[in-house]
Structure formats: structure tokens, C-alpha cells
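Residue-level listing of the chains:
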Amino acid sequence: MRHVIFGGDGFVGRHLAPKLAADGEEVVVADIVKSDLAHYRNVGFVKCDVTDPASVAAVGLKADDMVYNLSAKMLSPIQVRAKRHDFFFPVNFHGTEHIMQAMDRAGTPKLVHYTTDMIYGHTVTQPMTEEHPVAPLGEYGWSKQKTEELAAEWRKRGMSISLFRPRLIIGPGRLGILEKLFKLIDWSLPVPMIGSGKNPYQFISVFDCAEAARAAWKAGVPNEAYNLGSLNPPPVKKLLGDLIRHAGSKSILIPTPGWAVKRTLDLLDLVNMPIMDPEQYLIADEECVLDVSKAERQLGWVPQYRDEDMLIAAYSEYRAKKAGHAVATKHVPAE
């Protein structure tokens, strides 16, 4: 068996590939770029652009391959409204479609595919299980939801597809929108919150994400969807307050009327000056906590990293980069 990881040079893939190689498995990364990563001594590489069906076909899938799709365009960098569809859909939707079509031609039945919790939209029930209603709030969420619809069709034709819906993934190599927060704290400026800050905020570690993909393979790739998030996420106010104290900053947290901030951000988005993507700020004051117990029951997967520790580790990386110190993993803006 080979493990073929599309987008394997990206954020999650660069942790999954060495994990599988350490299991003694044959691993092939299929990506549009190849970074200077130590594990390529033990891992194969094929240049692949998932937006090109011929490029995907050239990977040469085999019937007994185990396939992972980690290729994606993310919410960072922020896109203006008019460009969002053309930014997200070629990779997120059409790229996934090309991979599934290539798997079908090769008779390759098993796929682990990452979507997003952004398919849920506004919180309707709490905590959010995998049965939560689906209503994406923007092009990113829709591009991922459409891939879940593709998965449902290919399952009817005999494929086994495990879907993962992660919260905001953080870890070495990706700061994204957190960099704006860290700058405010570094400069001891006020840190505005959208709403009161009493609602919890949930991350998921990139290390836990990689382990979830491995767990799905070990479990035989169930035809199921799984939430991925931390356990017991703290309120935003506590999460940020702990970080400010850790940083020795004089920043203060400013609660705001959530509706007023959202309307202001809506206006900025409308005039093509977005500060955040609507899919981020529209739910920022809601209790968006994923129930991850299904993955534990069916895959034996339990998240190992706490939100507080993940955020402090990300801040420490930001400080190291600012000081010009080397960090373990290069910056990965998007997969």
C-alpha cells in the first residue's frame, strides 16, 4: 500500500507524511510545490496541480493506494468579495472533483478528505454535532460543502470516504489572522472583542489533525464525517487574557456590541476593504463548539492539545520570527 497525500506539502500534510513514514509506510506527496523538509529523505514527491485533471492523472494512482486530500485554499490571505469564488472553487471543489475522478479511473476506493466546520454557518444547536444543519456563510464554506456533496455521490458508487471538519487549525508554520492579534498585544494596544468575550473559542492543533487522518486509515476509512476540535475550550476573554499576561503586555480587552462590529465589518467588506472574512466575524460571538466525541467512539481519536497552550505557542513563534530567530517550520500561508 502507498499513502498518496494531495496537498501533502501544506500545513497538515507536512505533519501527516512523516507520521506515516515513521509507521514504515510508503508515502508519496503530490503537491504543486516541494519545500525543503527533512522527511523528503523518506517520502516520495510528485509535482501536481489539482486544478489540472491531467496533472492529477499523472500522479498514477493504483487500486490499493490510500489517498488523502489536504489540498485547499484557506481564509488567509483575506480576499475581496468579487474574487472569493474564483479563489476558493478551483482548488477546493474542482481539485477535489479531479482527485475523485482519478481515483475512480484507477479503482482506488479509499479517501480521507478535509472540509471545514465553516459548512455549519450560524450555531443552531449546541454543542455542534456532525448532524448540525449546514448553511455556509461564504464562498470558502460553500466550496467545502460542495465537496461533501461530491463525496456522498461517490460513496454510492462504492468509495469509502472519511470527512473531517476541523475548527481553526493552528500550529508551527501558520499564524494567519492571529498575527493581527499578536501585533496589538505586542504594542500594548487595546484588543477589541466581537461581543462580550464570554463565548468559548475552539482551536484544533495541526498535530491532532494529522493524527486524525492516520486514525481514519487505521480504522478502515469509515464512510462518516467527523468534527475536529479541542476539548473544553475556554471563553474568549480568558483565552486572550491569559495570553496578554503571558506576553507581559499592557493590552486591555474591550468588549463591544457584536451586532455593531459586524455591521461595520460588513460595510468594510462591501467597499472591498475587508479586515476579516465574513465567515469569521459573523460567528465570532456565537458558541461555536464542535462535539468531537464521534471521532473518539469510532476512530479512537482524542485531541491532545489545549487551546491555551496552542495560542501561547503560536505567539512564541510570532515573537521568534520578529526577533529574526530560526523556527522549526517555515511559514505556510495556505495549502
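Labelled according to an unreviewed UniProt entry, the chain appears under the name NAD-dependent dehydratase, originating from Rhizobium loti. Taken verbatim from the UniProt record of the chain, the Sequence similarities (unreviewed entry) comment is "Belongs to the NAD(P)-dependent epimerase/dehydratase family." What UniProt states about the chain under its Pathway (unreviewed entry) heading is, verbatim, "Bacterial outer membrane biogenesis; LPS O-antigen biosynthesis."

Engineer: Help me get a handle on the packing of aromatic side chains, residues and values and all.
Structural biologist: Enumeration over the complete set of coordinates arrives at 11 aromatic pairs. Ring geometry for Tyr40 against Phe45: centres 5.8 Å apart, planes inclined by 90 degrees, an arrangement best described as edge-to-face. Residue Tyr40 is classed as buried on the basis of its relative accessible area, which comes to 11%. Given the relative accessible area of 26%, Phe45 is considered partly exposed. Between Phe164 and Tyr226, the aromatic rings sit 5.7 Å apart at their centres with planes inclined by 35 degrees, giving tilted as the arrangement. Residue Phe164 is found in strand 6 (residues 160-166), and its partner Tyr226 is found in strand 10 (residues 225-228); the two are separated by 62 residues along the sequence. For Phe164, a relative accessible area of 0% gives the class buried. Looking at Tyr226, the relative accessible area reads 0%, which means it is buried. One aromatic cluster is present, built from ring pairs that chain together Phe87, Phe88 and Tyr140.

Engineer: Break down the state of the cysteines for me, citing the residues and quoting the values.
Structural biologist: On inspection of all chains with the given rule, the structure shows zero disulfides. Left unpaired, Cys209 is separated from the closest cysteine sulfur, that of Cys288, by 17 Å. According to the relative accessible area criterion, Cys209 is buried, its value standing at 0%.

Engineer: How would you explain helix 5 (residues 178-186) if you had to name every residue and give the values?
Structural biologist: Among all positions in helix 5, only Leu178, Leu181, Phe182, Ile185 and Asp186 are buried. Taken end-on, helix 5 shows its buried residues confined to a sector of 135 degrees, consistent with a single buried face. Elements in contact with the buried residues of helix 5: strand 7 (168-170), strand 8 (191-192), helix 7 (236-247) and helix 11 (307-322). Ser188 sits one or two positions beyond helix 5 and adopts a positive phi of about 55 degrees.

Engineer: Report on the pairing of strand 4 (residues 66-69), specifying residues and quantitative values.
Structural biologist: Side chains of strand 4 alternate between two faces, with Met66 and Tyr68 and Val67 and Asn69 buried alike. Relative to strand 4, strand 1 (residues 2-6) is paired through four bridges, and the arrangement is parallel. Bridge pairing in strand 4 places Ile5 opposite Tyr68. When strand 4 meets strand 5 (residues 110-114), the two strands line up parallel, connected through four bridges.

Engineer: Describe the environment of Ile32, with residues and values.
Structural biologist: Topologically, Ile32 is positioned in the loop between strand 2 (26-31) and strand 3 (44-47). Taking the C-alpha atoms as reference, Ile32 lies 9.5 Å from Ser71; in sequence the two are 39 residues apart.

Engineer: Tell me about the sheet that holds strand 6, and please be specific about residues and values.
Structural biologist: In spatial order, the strands read 3-2-1-4-5-6-10; together these seven strands make up an open sheet with parallel pairing. At either end of the open sheet lies a strand with only one pairing partner, and these are strand 3 and strand 10. This sheet shows a mean twist of 20 degrees between the axes of neighbouring strands, independent of strand direction. Sheet strands touched by helix 6 (residues 206-218): strand 1, strand 4, strand 5, strand 6 and strand 10. Its angle to strand 5, the strand with the most contacts, is close to 160 degrees.

What counts, and where the lines are drawn
- Residues numbered from 1 in each chain as written.
- Predicted model: local features only at pLDDT ≥ 70, side-chain atom pairs only at ≥ 80, totals over all residues.
- Heavy atoms only, no water.
- UniProt positions renumbered as here; feature names shortened; annotations may be inferred.
- Phe/Tyr/Trp six-rings, centres within 6.5 Å; stacked < 30°, edge-to-face > 60°.
- Buried < 20%, exposed > 50% of the residue type's maximum accessible area, 1.4 Å probe, protein only.
- Helix = DSSP H or I, 4+ residues; strand = E, 2+ residues; numbered from the N terminus.
- Disulfide = S-S within 2.5 Å.
- Arc of directions from axis to C-beta.
- Contact = heavy atoms within 4.5 Å.
- Pairing = 2+ DSSP bridges.
- Axes fitted to C-alpha atoms, helices over the stretch in contact; angles between N-to-C directions.

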